[in-house]
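So you can see what is in the structure, the chains are spelled out below.
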Amino acid sequence: MKDQNPNHLGIHYSHPWQYFLLVYLLSAPFWLLSLFIQHSALPDNLPLTDIGAALTPTIAAALLRYREGGMTAVRQLFLRILDYRRIKRVAYLWTAILLFPTLYLFTYLAIRQTGQSIPAHIPLQISLLGAFIMFFIAAIAEELGYAAYATESLQRYFTPLATALIIGVPWALWHLPSMIAIGQNAELIAWGLAGTIAVRIIYVWLYNGSGGSVFVLIMCHTVANTARTGFPGGRSAYENNNGAIPYGIIIVAAILIIAFWHKAMCRAHKTH
């Protein structure tokens, strides 16, 4: 599979603000429908309507790409799902796969240190395979939009850190209806929103460091969500103490990236 540079095809990513607006407009009907559908068999008790909402980032990106470059641009968008040939540093792929399980290990140890009750074993069940497949599809749907479209659009004008923050805020708020639907309280929502913005900082770092590979982010996103579902005691145990420990650890990881690797992020951004 030949991975072409979209700029060589005359495709310009010049509508990031319209992209965010379109994602919200497409997601709104699913958010409204979630008010009437209360029961769900999805992992972590996620609203059933999240299946539809999760597709909107790719739908929005595909619509804008079609307007910008026709079917050629749309095909190039979907080829980014398996753009592993873009990976210049395989260490970033392994980091993407192992980073969040490592952060979750720190979370587990920190929760135990506080004296809170938490199971001692990881529940390795066949349902985790189903969760992995679901989260893999969802990661494709999100990252084709937020990485392949929005990140590349914004980095034409902003630094990687600014890009991560610009995407991180609407991306976090896009998850807000789901947070409310599963009954999270205000403190947990606040920690979750801050943690989600921090995750996008990590994603942009991985994206630029790998050479601009969406596949790297798809793998990171998938593993992160699946491992959270498989956390000992489930998501409720993971978000113990209103999420201060798990999301605090993710925020610290993002701060470390900003502090120690921001210059490297900028250099990688200029070279890919």
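About the thresholds
Residues numbered from 1 in each chain as written. Predicted model: local features only at pLDDT ≥ 70, side-chain atom pairs only at ≥ 80, totals over all residues. Heavy atoms only, no water. Helix = DSSP H or I, 4+ residues; strand = E, 2+ residues; numbered from the N terminus. Buried < 20%, exposed > 50% of the residue type's maximum accessible area, 1.4 Å probe, protein only. Contact = heavy atoms within 4.5 Å. Areas by Shrake-Rupley, 256 points an atom, 1.4 Å probe, with all protein chains shown as cover. Patch = residues over 30% accessible without salt bridge, like charges linked within 9 Å, V, L, I, M, F, W, Y side chains within 5 Å. Salt bridge = Lys/Arg side-chain N within 4 Å of Asp/Glu carboxyl O. Expected span 1.5 Å × (residues − 1). Bend = angle between axes of the 7 residues up to and from the residue. Phe/Tyr/Trp six-rings, centres within 6.5 Å; stacked < 30°, edge-to-face > 60°. Lys NZ or Arg CZ within 6 Å of the ring centre and 35° of its normal. 1 Å grid on protein atoms, 1.4 Å probe; cavity = no way out; pocket = protein on both sides within 12 Å on 5 of 7 lines; lining within 4 Å. Points joined across faces, edges and corners; volume = space filled by probe spheres on them. Nonpolar A, V, L, I, M, F, W, Y, C, P; charged D, E, K, R; others polar. Axes fitted to C-alpha atoms, helices over the stretch in contact; angles between N-to-C directions. Parallel < 35°, antiparallel > 145°, perpendicular 65-115°, else oblique.

Draft legend 1. Representation of the overall build of the protein. Secondary structure assignment for the protein yields ten helices and zero strands. Across the protein, helices and strands are ordered from the amino to the carboxyl terminus as α-α-α-α-α-α-α-α-α-α. Per-residue burial over the protein gives 53% buried out of 272 residues. Restricting to contacts in the protein with at least 6 residues of sequence separation, those with at least 24 account for 80%. When the accessible area of the protein is evaluated, it comes to approximately 12600 Å², of which 69% is carbon and sulfur surface.

Draft legend 2. Inspection of a nonpolar patch on the surface at higher detail. A cluster of nonpolar residues, L32, L33, L35 and F36, forms a patch on the protein surface that exposes about 470 Å² of accessible area. Its place among the elements puts F36 in the loop between helix 1 (16-33) and helix 2 (50-79). On the basis of relative accessibility, which here comes to 69%, the residue F36 falls in the exposed class.

Draft legend 3. Representation of helix 2 within the structure. The end-to-end C-alpha distance of helix 2, which contains 30 residues, comes to just 24 Å, noticeably less than the 44 Å that a straight helix rising 1.5 Å per residue would cover. Where helix 2 bends most, at G69, the angle is about 135 degrees.

Draft legend 4. Quick peek at unusual backbone geometry. Here the phi dihedral of N241 falls at roughly 60 degrees; this positive angle occurs in a residue that is not glycine. As for its placement among the helices and strands, N241 is situated in the loop between helix 9 (234-238) and helix 10 (244-271). The exposure class assigned to N241 is partly exposed, which follows from its relative accessible area of 44%. Despite not being glycine, N242 has its phi angle at roughly 60 degrees, a positive value. Here N242 lies in the loop between helix 9 and helix 10. Overall, the relative accessible area of 23% leaves N242 in the partly exposed class.

Draft legend 5. Looking closely at the packing of aromatic side chains. Scanning the entire structure with this criterion turns up 18 aromatic pairs. Consider the rings of Y84 and F215, whose centres lie 6.2 Å apart with planes at 75 degrees: the pair is edge-to-face. Of the two residues, Y84 sits in the loop between helix 2 and helix 3 (90-113) while F215 sits in helix 8 (residues 214-229), which places them 131 residues apart along the sequence. Accessibility expressed as a relative area gives 43% for Y84, which makes it partly exposed. A cation over a ring is seen here: R200 above W171, with NZ or CZ 4.1 Å from the ring centre.

Draft legend 6. Region of interest: the layout of surface pockets. Approximately 740 Å³ is the volume attributed to the largest pocket. Broken down by element, the residue count for the lining of the largest pocket peaks at six residues, all from helix 4 (residues 127-154). Here the lining of the largest pocket is composed, by residue class, of 24 nonpolar, eight polar and five charged.

Draft legend 7. View of the packing of helix 1 against helix 5 (residues 160-174). Two elements in contact, helix 1 and helix 5, have axes separated by 11 Å at closest approach and are oriented at 5 degrees. Classed by the angle they form, the pair helix 1 and helix 5 counts as roughly parallel. Counted together, W17, F20, V23, Y24, S27 and W31 of helix 1 and I166, I167, P170, L173 and W174 of helix 5 form the full contact between these two elements. Classifying every residue of the contact of helix 1 with helix 5 gives ten nonpolar, one polar and no charged.

Draft legend 8. Structural context of the pattern of salt bridges. Under the definition given, this model contains five salt bridges. Notably, a salt bridge pairs R80 with D83, separated by 2.8 Å at the nearest N-O pair. On the basis of relative accessible area, R80 is assigned to the buried category, the value being 2%. Between D83 and R86 there is a salt bridge, and its shortest N-O distance comes to 3.9 Å. What emerges from the salt-bridge pattern is a single network uniting R80, D83, R86 and E152.

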